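Descriptive analysis of the structure
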Amino acid sequence: MTSTATVPTSRVRWYDLLIAFIGGNALGVSFVTIVALVALAVAAQHGFHPTAENIAALAGRYTKDFWANHIILVLSDLGFAIVIWLMARWRFARPIGHFFAPVSTATLALAALSGAALSLLVNGGNALLEYCHLVHFENVDVELALVPHTPAQFATTFAVVALFAPFVEEYFFRGLFFAWARDLWGRVGAMLITAAGFAVAHGHLLVHPGTQGAIFTVELFLAGIVLAWWASRAGSLRASLATHAAYNAAAIVFSVLIP
């Protein structure tokens, strides 16, 4: 008897990327909305009056809250990760193993060192520009809320910002996106295209219009090239994940030392 199960094609299509990106973000927003509605319902049972004015005031307060922002980040990335995995499962027999193949400890160590060094170079360069009064960098409330101040907050930020978020981003940008782009434009073209997508998707041009947003976007573009190079060179997202995790971890430390 012939099986009617779908056979993975091992080739990413352009609409896989749209489904993963749009669907993943939509699912993440749905998760955040559900949790927010549940929280409002619980608050209402304890005396909170859910008027438009009160809800707006509450939202404004939690925009600056450390834990609220980390929960939102986890839920949004979780939705993204689920849809990415579903699309990878559609195309590959091993949706995670295909991208995250084992690599040597030496490769992981070198990748992590390069990520930390790049982060120090970028953040140090920004601090120097600020010190020389060439550019004024200003963080919005959400960015300030993500900065940890206690041991528990440090542990949470490293787990979320330096591990989980990089995993999800590598899975999409250096995973599905890179696989699709490489089939069309080769290795170098894929590195440039995915780096550009990675930089723009972070939204700094919208959050920080002007010089600051342009600098942040260019820096992320360069980081995206380095991440794509590691993923391509090692043949595994474990290498680019190590680079990305170290980059974000160093940035977290830098944000505390030089607020």
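About the cut-offs
- Residues numbered from 1 in each chain as written.
- Predicted model: local features only at pLDDT ≥ 70, side-chain atom pairs only at ≥ 80, totals over all residues.
- Heavy atoms only, no water.
- Helix = DSSP H or I, 4+ residues; strand = E, 2+ residues; numbered from the N terminus.
- Rg over C-alpha atoms; globule rule 2.2 N^0.38 Å.
- Buried < 20%, exposed > 50% of the residue type's maximum accessible area, 1.4 Å probe, protein only.
- Areas by Shrake-Rupley, 256 points an atom, 1.4 Å probe, with all protein chains shown as cover.
- Salt bridge = Lys/Arg side-chain N within 4 Å of Asp/Glu carboxyl O.
- pLDDT = per-residue confidence, 0-100.
- Contact = heavy atoms within 4.5 Å.
- Axes fitted to C-alpha atoms, helices over the stretch in contact; angles between N-to-C directions.
- Parallel < 35°, antiparallel > 145°, perpendicular 65-115°, else oblique.
- Left-handed = near helix turned anticlockwise from the far one by under 90°.
- Nonpolar A, V, L, I, M, F, W, Y, C, P; charged D, E, K, R; others polar.

**Looking at the overall build of the protein**
- When its secondary structure is counted, the protein shows 9 helices and 0 strands.
- Start at the N end of the protein and walk to the C end: the helices and strands fall as α-α-α-α-α-α-α-α-α.
- Relative to the 2.2 N^0.38 estimate, which gives 18 Å for 259 residues, the radius of gyration of the protein is 20 Å and therefore close to what a compact globule would have.
- Per-residue burial for the protein yields a buried fraction of 38% across its 259 residues.
- Total accessible area on the protein is roughly 14,000 Å²; 71% of this is exposed by carbon and sulfur atoms.

**Side note on unusual backbone geometry**
- For H133, which is not a glycine, the phi torsion comes out positive at approximately 60°.
- Assessed through its relative accessible area of 74%, H133 is described here as exposed.

**With respect to the pattern of salt bridges**
- Within this structure, the stated rule accounts for 3 salt bridges.
- The closest approach of N and O atoms between R11 and D183, which form a salt bridge, is 3.8 Å. With R11 in the segment before α1 (14-45) and D183 in helix α6 (residues 151-201), this pair connects stretches of sequence that are 172 residues apart.
- You can call R11 partly exposed: its relative accessible area is 44%.

**Let's talk about the confidence of the model for the protein**
- Scored by pLDDT, the protein has a mean of 93; 96% of the residues are at 70 or more.
- Below pLDDT 50 for its whole length, residues 1-7 participates in 1 contact with residues either more than four positions away or in separate chains.

**A look at the environment of L118**
- Tracing the backbone through its elements, the reader meets L118 in helix α4 (residues 105-131).
- You can call L118 buried: its relative accessible area is 18%.
- Counting along the chain gives 36 residues from L118 to F154, while the straight-line C-alpha distance between them is 21 Å.
- Not counting residues up to four positions away in its chain, the partners in contact with L118 are A223, V226 and Y247.

**A short note on the packing of α6 against helix α9 (residues 237-257)**
- Across the interface, α6 lies against α9 with an axial gap of 8 Å and an inter-helix angle of 130°. Taken together, the axes of α6 and α9 lie oblique to each other. Handedness of the α6/α9 crossing: right-handed.
- For the contact of α6 with α9, the class distribution of residues is 16 nonpolar, 5 polar and 3 charged.

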